[in-house]
Amino acid sequence: MMKKALLLASLIATAGLAHAEAATYKIDPAHTYATFEIKHFGTSTNRGRFDKKEGTVEFDKAGKSGKVEVTFDMSAISTGSTQFDNHLKGKDFFDVDNNPTAKFVSNKFTFSGDKVASVSGQLTLKGKTAPVTLTATNFGCYDSPMLKREVCGGDFETTFDRTAFGVDYGIQYGFSKDIKVIIQVEAIKQ
């Protein structure tokens, strides 16, 4: 009887520890970048990035689950060309006056061992929402010696058809429908 009670207590304690590992992490904007790439007439690649973003990640390593909510300020597009930035912000592309933000929301993490392998969710862009899966090419956590807190992050990428979001300018000229997004993210445990 005593052994059963000890075993039960041990199981409850273990379950409590696993649950206790769920934590909230805040996106670190200084170490988080979202860039995009699109082929230009099949020759070169146009690139840009979204300079302003914010969000949170709920991450449970032991339970192998998580949630993400990240918002991108679409007026903070930067390609290195003011003319191209302004065109991207206009009605031909992102229509920033009517759609000032884009948002990615997910509650499905897929793991490979102890590492996040992908994050699947919904991307809202230009007022339309469609499923997107971000594949992890790198992922890890560490105890930051400067922040004295755990930081988790990695490199993620996806390619999707931009016309699903009504971003179809240039298709008639031969511009690619596919846009590649690469995200470098780090989030600080709160």
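Higher on the page you've got the structure.
Conventions we followed
- Residues numbered from 1 in each chain as written.
- Predicted model: local features only at pLDDT ≥ 70, side-chain atom pairs only at ≥ 80, totals over all residues.
- Heavy atoms only, no water.
- Helix = DSSP H or I, 4+ residues; strand = E, 2+ residues; numbered from the N terminus.
- Buried < 20%, exposed > 50% of the residue type's maximum accessible area, 1.4 Å probe, protein only.
- Contact = heavy atoms within 4.5 Å.
- Lys, Arg positive; Asp, Glu negative; His and termini not counted.
- Salt bridge = Lys/Arg side-chain N within 4 Å of Asp/Glu carboxyl O.
- Polar contact = N/O pair within 3.5 Å; in protein donor to acceptor, adjacent residues only side chain to side chain.
- Core = buried A, V, L, I, M, F, W, Y, C linked by side-chain atoms within 4.5 Å.
- Pairing = 2+ DSSP bridges.
- Disulfide = S-S within 2.5 Å.
- Phe/Tyr/Trp six-rings, centres within 6.5 Å; stacked < 30°, edge-to-face > 60°.

Peer 1: I keep staring at the overall build of the protein and nothing clicks. Help me out?
Peer 2: Regarding its fold elements, the protein presents 2 helices and 11 strands. Sequence-ordered secondary structure for the protein, helices as α and strands as β, is α-β-β-β-β-β-β-α-β-β-β-β-β. Taken over 190 residues, the protein has a buried fraction of 37%. Taking as baseline every contact in the protein between residues at least 6 positions apart, the subset at least 24 positions apart corresponds to 56%.

Peer 1: Explain unusual backbone geometry to me, please; I cannot follow it from the model alone.
Peer 2: Trans is the prevailing form of peptide bonds, just as negative phi is the prevailing case for residues other than glycine. Of note in this structure, K126 is not a glycine but carries a positive phi near 55°. Of note, K126 is situated in the loop between β8 (115-125) and β9 (128-143). You will see that K148, though not glycine, has its phi angle at about 60°, which is positive. Relative to the assigned elements, K148 resides in the loop between β9 and β10 (150-161).

Peer 1: Even after reading the chapter, I still don't get the side chain of K53, so can you show me in this structure?
Peer 2: Note on placement: K53 falls in strand β4 (residues 53-60). One buried charge, K53, has no salt-bridge partner; the nearest side chain with opposite charge is D51, at 5.5 Å. A distance of 2.9 Å separates the side chain of K53 from the backbone oxygen of T32, its partner in a polar contact. Side-chain polar atoms of K53 contact the backbone oxygen of D51, separated by 3.0 Å. The residues contacting K53, other than those within four sequence positions of it, are P29, T32, Y33, T71 and F72.

Peer 1: Even after reading the chapter, I still don't get the nonpolar core, so can you show me in this structure?
Peer 2: In a soluble, globular protein the nonpolar side chains are often hidden away together inside. With 40 residues, the main nonpolar core has F59, M74 and F94 as its most contacted residues. If we ignore the near neighbours within four places in the chain, the residues touching F94 are M74, I77, L88, K89, N99, L125, K126 and V167.

Peer 1: Where do I start with the pairing of strand β2 (residues 33-40) in this structure?
Peer 2: Sheet topology note: the β2/strand β11 (residues 178-189) ladder contains 5 bridges and is antiparallel. In the sheet register, T35 faces β11, and the bridge partner there is I182. The antiparallel hairpin formed by β2 and strand β3 (residues 44-50) contains 3 residues in its connecting segment, where F41 sits at a positive phi of about 55°.

Peer 1: Explain the pattern of salt bridges here, please?
Peer 2: Note on pairing: side chains with opposite charge can pair once their charged atoms come close. This model, assessed by the stated rule, comprises 6 salt bridges. Where R49 meets D51, a salt bridge forms, and the shortest distance between an N and an O atom there is 2.3 Å. Here D114 makes a salt bridge to K64, at a shortest N to O gap of 3.9 Å. Note that D114 is positioned in the loop between β7 (101-112) and β8 and K64 in the loop between β4 and β5 (65-73), a separation of 50 residues in sequence. Look at K64 and you get partly exposed, because its relative accessible area is 38%.

Peer 1: Would you explain the state of the cysteines in this entry?
Peer 2: Among covalent bonds in proteins, the disulfide is the one between the sulfur atoms of two cysteines. According to the stated counting rule, one finds 1 disulfide in the structure shown. Covalent S-S linkage joins C141 and C152, the inter-sulfur distance amounting to 2.1 Å. Linking C141 and C152, the disulfide has an S-S dihedral of approximately 110° and is accordingly described as right-handed. A residue pair is termed long-range when its members are at least 10 positions apart, and C141 in strand β9 and C152 in strand β10 qualify at 11 residues.

Peer 1: Can you help me understand the packing of aromatic side chains in this one?
Peer 2: One pair of aromatic rings is described through two measures. These are the centre distance and the angle between the planes. Taken as a whole and assessed by the stated rule, the structure comprises 13 aromatic pairs. Judged by centre distance (6.2 Å) and plane angle (5°), the rings of F59 and F111 are stacked. One end of the pair, F59, is in strand β4; the other, F111, is in strand β7, with 52 residues separating them in the sequence. An identical accessibility class is assigned to F59 and F111; each is buried. With 5.3 Å between their ring centres and 70° between their planes, F160 and F165 make a pair best called edge-to-face. Under the relative-accessibility criterion, F160 is labelled buried at 12%. Taken together, Y25, F59, F109, F111 and F139 form an aromatic cluster joined through their ring pairs.

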